[in-house]
Amino acid sequence: MSESQPTHQAPKPRLEVKLLDERLRDYMPQYATLGSAGMDLRALLDEPLTIAPGQCELVRTGLAIHIGDPGLAGLILPRSGLGHKHGIVLGNLVGLIDSDYQGELMISTWNRGSTPFVLEPFERLAQYVLVPVVQAELEIVDDFEASLRGAGGFGSSGRH
Ligand SMILES: O=c1ccn([C@H]2C[C@H](O)[C@@H](COP(=O)(O)OP(=O)(O)OP(=O)(O)O)O2)c(=O)[nH]1
Ligand SMILES: [Mg+2]
């Protein structure tokens, strides 16, 4: 079945990427479908890596992506299939990639499951999502203008 074209599409930011391993040329991150939010990141490994239950390994991607625009950031998120079926998620839960980071993207890979997981070389391990960011300035005040919620949180508004 052919995929429907999006009705409108903003121009895509072009990001500079360095391949820290030539093998990555054949495994460039891609959007799997026209509407995919993330590009899959692959594990740069020379041989399969067994991750024991509870173990966390920092896995190379072999990619350095310089975002360069402080109005953007990268997020590294787990893949739902690996996370749900195999317990393979991120040791830092979410990876936040600063726009001025020029180093290699690393994936903190945590086996939160109960069986060993064998990670294969170049397996799609996590996903990279580019998101808009707004930087704030903080201004110290003594009081806020009152809001309906005030300081209530953590379930204070109850269930409906
Ligand atoms: O999953 C991740 C998370 C972070 N990073 C890189 C990019 C990010 O810009 C940098 C710093 O990340 P963060 O600010 O979350 O870590 P930190 O512990 O605060 O280190 P730093 O003091 O270097 O900011 O590490 C990754 O490669 N993978
Ligand atoms: Mg930091």
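What counts and what doesn't
- Residues numbered from 1 in each chain as written.
- Chains lettered and ligands numbered in written order.
- Predicted model: local features only at pLDDT ≥ 70, side-chain atom pairs only at ≥ 80, totals over all residues.
- Heavy atoms only, no water.
- Phe/Tyr/Trp six-rings, centres within 6.5 Å; stacked < 30°, edge-to-face > 60°.
- Helix = DSSP H or I, 4+ residues; strand = E, 2+ residues; numbered from the N terminus.
- Buried < 20%, exposed > 50% of the residue type's maximum accessible area, 1.4 Å probe, protein only.
- Core = buried A, V, L, I, M, F, W, Y, C linked by side-chain atoms within 4.5 Å.
- Pairing = 2+ DSSP bridges.
- Axes fitted to C-alpha atoms, helices over the stretch in contact; angles between N-to-C directions.
- UniProt positions renumbered as here; feature names shortened; annotations may be inferred.

1. Remarks on the packing of aromatic side chains
- Taken as a whole, this structure holds 1 aromatic pair when the rule is applied.
- Ring centres 4.4 Å apart and planes at 10° place the aromatic pair Tyr27 and Phe122 in the stacked group. You can see Tyr27 sitting in the loop between β1 (16-19) and β2 (39-42) and its partner Phe122 sitting in the loop between β10 (117-119) and β11 (124-132), a full 95 residues away along the chain.
- Take Tyr27: its relative accessible area is 32%, and that puts it in the partly exposed class.

2. Here we look at the nonpolar core
- Ranked by internal contacts, the top residues of the largest apolar core, which has 25 residues, are Leu41, Ile76, Leu119, Leu125 and Tyr128.
- Counting only elements with at least two residues in this core, the list comes to β2, β5 (63-66), β6 (72-78), β7 (88-90), β10 and β11.
- Ranked by the residues each element gives to this core, the list is headed by β11, at 3 residues.

3. Brief notes about the sheet that holds strand β4 (residues 56-60)
- Pairing is antiparallel across the open sheet formed by 3 strands, whose spatial order is β4-β9-β7. The outermost strands of the open sheet, each flanked by one partner alone, are β4 and β7. Taken pair by pair, the neighbouring strands of this sheet meet at an average axis angle of 40°, ignoring direction.
- When β4 meets strand β9 (residues 106-111), the two strands line up antiparallel, connected through 5 bridges. Within β9, the residue paired with Glu57 across the bridge is Thr109.

4. Digging into the UniProt feature "binding site: substrate" (unreviewed entry) in the protein
- Residues annotated by UniProt as "binding site: substrate" (unreviewed entry) correspond here to Arg79, Ser80, Gly81, Asn92, Leu96, Ile97 and Asp98. An extended arrangement is adopted by the annotated residues: their sequence extent is 20 residues, and the largest C-alpha distance between any two is 26.4 Å.
- With respect to the secondary-structure elements, Ser80 resides in helix α1 (residues 80-86).
- Of the residues examined, Gly81 reaches a relative accessible area of 29% and is grouped as partly exposed.

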